[in-house]
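# Examining the three-dimensional arrangement
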Amino acid sequence: MGRHFLQIPGPTNVPDRVLQATARPTIDHRGPEFARLALEILERLRPVFRTTGPVIVYPSSGTGAWEAALVNTLSPGDRVLAFETGHFSTLWCDMARRLGLEVELVPGDWRHGADPDAAAERLAADPSIAAVMVVHNETSTGVRSRVPEIRAAIDRAGHSALLLVDTISSLGSMDYRHDEWGVDVTVGCSQKGLMLPPGLGFNAVSGKALAHRGGFPRSYWDWEPIVAANERGFYPYTPPTNLLYGLREALAMLAEEGLPEVFARHDRHAEATRRAVRAWGLDVLCADEREYSSSLTAVVMPPGHDADEVRRLILERFDMSLGTGLGRLADKVFRIGHLGHFNDLSLAGTLGGVEMGLAAAGVPIKPGGAGAALSWLGRRG
Ligand code: PLP
């Protein structure tokens with residue numbers, strides 16, 4: 001028995017350093033040691049979002065951080081523009097509707113990112129749109145939306161809408177720039193690129209968003225009391241101290257490697273994975289090479305073959321978990337997560353397991369995909 005290969009696109013494998021950090025004794029969350037911990041973390045989180053503004057940390061899942069972004073900036077009845085890029089953009093829209101927002105949805109085929117031309121068109125037609133919601137990296141499809149082009153579309157239309165971006169499966173693994181790209185709220189969470197267990201949600205917030213304050217009733221999610229308490233390193237409730245120990249360690253690991261190097265590592269593993277998929281004779285779901293995700297790859301099954309059957313067999317034989325097809329992609333794709341605490345040999349094991357599993361499930365593939373990926377990786381040192 002070896003380690004389990006957790007190759008879903010999050011939660012990701014938690015490094016021993018981070019796990020050990022979370023095992024430290026819990027301390028008084030109103031004492032000076034906690035304040036030092038929180039102030040250090042809040043400062044060191046900013047470069048990960050590429051912002052100089054505040055980052056709010058919630059004890060929550062990513063879904064909670066989605067809700068926080070909406071209820072802090074918008075008012076019931078507001079119109080928001082969203083893009084059907086996949087399962088998670090659909091869920092975020094469902095949440096917006098349940099909260100009482102009016103969602104204008106740009107339909108999509110789940111193989112492309114948010115369309116900047118469609119954004120420009122809709123914004124020009126409707127000055128009342130209060131916010132644009134974009135999922136930077138659609139975890140259900142492995143497609144990256146071109147956020148700077150969406151920003152440019154908002155600016156071209158001379159529109160004042162806020163830009164809200166979900167970076168749940170890209171933060172800390174793919175290039176992302178909150179300030180430079182003019183994002184108003186960036187939503188993130190702990191269990192993917194940040195290499196932590198689930199349990200932390202993030203909102204990075206622009207000055208415009210902080211000043212905006214919508215009219216939704218809010219209490220737990222309200223930024224204001226949190227930002228005020230954070231100034232001295234505290235929280236208006238009991239914070240998740242042990243996850244914060246883990247976060248401090250994970251941020252140190254990202255800083256030691258260097259964010260540009262972290263992104264280059266993810267880009268390289270994603271390219272190697274796509275080479276393996278093509279060498280097997282299979283298709284990558286993402287249809288536009290400008291929009292490839294670097295943190296996961298969704299692989300399309302040939303007709304007549306069930307992706308979940310392949311996943312089941314790979315789990316049983318090789319003790320490896322792969323991501324299932326979500327929503328309308330159920331049974332049609334499986335997803336390989338190559339993000340977080342991951343290196344060349346992790347990729348070698350992952351692709352080797354996928355290749356053996358596809359062959360064992362009787363999927364008609366050409367052999368040698370894993371080898372093709374490894375030869376390319378080897379040459380690229
Ligand atoms: N948004 C994206 C892009 C995701 O991948 C996920 C979860 O995988 C979520 C939102 C929801 O996050 P959570 O499951 O932590 O609530």
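Everything that follows concerns the structure shown earlier in this document.
Quick summary incoming for the structure in this document. (Residues numbered from 1 in each chain as written. Predicted model: local features only at pLDDT ≥ 70, side-chain atom pairs only at ≥ 80, totals over all residues. Heavy atoms only, no water.)

Before going further, it helps to spend a moment on the site of the ligand. In the neighbourhood of the ligand, the contacting residues comprise Ser61, Gly62, Thr63, Trp66, Phe88, Val135, Asn137, Thr139, Asp166, Ile168, Gln191 and Lys192. One of the side-chain nitrogen or oxygen atoms of Thr139 is found 2.5 Å away from an oxygen atom of the ligand. Relative to its unbound accessible surface of 390 Å², the ligand loses 85% to contact with the protein. Comparing atom positions with the cavity grids shows the ligand to sit within the largest pocket. Per-element accounting of the shell around the ligand gives the leading share, 3 residues, to helix H3 (residues 62-73). Classifying every residue of the shell around the ligand by side-chain character gives 4 nonpolar, 6 polar and 2 charged. (Near = heavy atom within 4 Å. Polar contact = N/O pair within 3.5 Å; in protein donor to acceptor, adjacent residues only side chain to side chain. Areas by Shrake-Rupley, 256 points an atom, 1.4 Å probe, with all protein chains shown as cover. 1 Å grid on protein atoms, 1.4 Å probe; cavity = no way out; pocket = protein on both sides within 12 Å on 5 of 7 lines; lining within 4 Å. Sits in = over half its atoms within 2 Å of the grid points. Helix = DSSP H or I, 4+ residues; strand = E, 2+ residues; numbered from the N terminus. Nonpolar A, V, L, I, M, F, W, Y, C, P; charged D, E, K, R; others polar.)

Right, let's get into helix H13 (residues 369-379). Of all the residues in H13, the buried ones are Gly369, Ala370, Ala373, Trp376 and Leu377. For H13, the angular spread of buried residues about the axis comes to 130°, placing them on one side. Looking at H13, the residues exposed on the side facing more than 90 degrees away from the buried face are Gly378 and Arg379. (Buried < 20%, exposed > 50% of the residue type's maximum accessible area, 1.4 Å probe, protein only. Arc of directions from axis to C-beta.)

Let us look at the sheet that holds strand S12 (residues 296-300). The 3 strands lie next to each other as S11-S12-S14, forming an open sheet whose pairing is antiparallel. Where the open sheet ends on each side, the last strands, each with one partner, are strand S11 (283-284) and strand S14 (333-337). When S12 meets S14, the two strands line up antiparallel, connected through 5 bridges. Each residue of the ladder has a partner; that of Thr297, found in S14, is Ile336. Where helix H10 (residues 259-280) meets the sheet, its contacts fall on S11, S12 and S14, and the angle it forms with S12 comes to roughly 10°. (Pairing = 2+ DSSP bridges. Contact = heavy atoms within 4.5 Å. Axes fitted to C-alpha atoms, helices over the stretch in contact; angles between N-to-C directions.)

Right, let's talk about the sheet that holds strand S2 (residues 55-59) for a bit. Backbone hydrogen bonds are what pair the strands of a sheet, in a parallel or an antiparallel way. Strands sit in the order S2-S10-S9-S8-S5-S3-S4 across an open sheet of 7 strands; the sheet is mixed. Bordering the open sheet on either side are S2 and strand S4 (102-106), each of which pairs with just one other strand. Neighbour to neighbour, the strand axes of the sheet diverge by 20° on average, direction disregarded. Together, S2, strand S9 (185-189) and strand S10 (200-205) form the strand contacts of helix H2 (residues 32-49), whose direction differs from that of S2 by roughly 110°.

To continue, consider the pairing of S10. Counting buried positions along S10 yields 6 of 6 residues, so the element is predominantly enclosed. Residue alternation in S10 divides its side chains into two sets, Leu200, Phe202 and Ala204 and Gly201, Asn203 and Val205, and both sets are buried. Sheet topology note: the S2/S10 ladder contains 5 bridges and is antiparallel. Its bridge partner being in S10, Ile56 is matched across the sheet by Asn203. Strand direction decides the pairing type here: S9 and S10, joined by 5 bridges, are antiparallel. Note that in S10 the partner of Thr186 across the bridge is Ala204.

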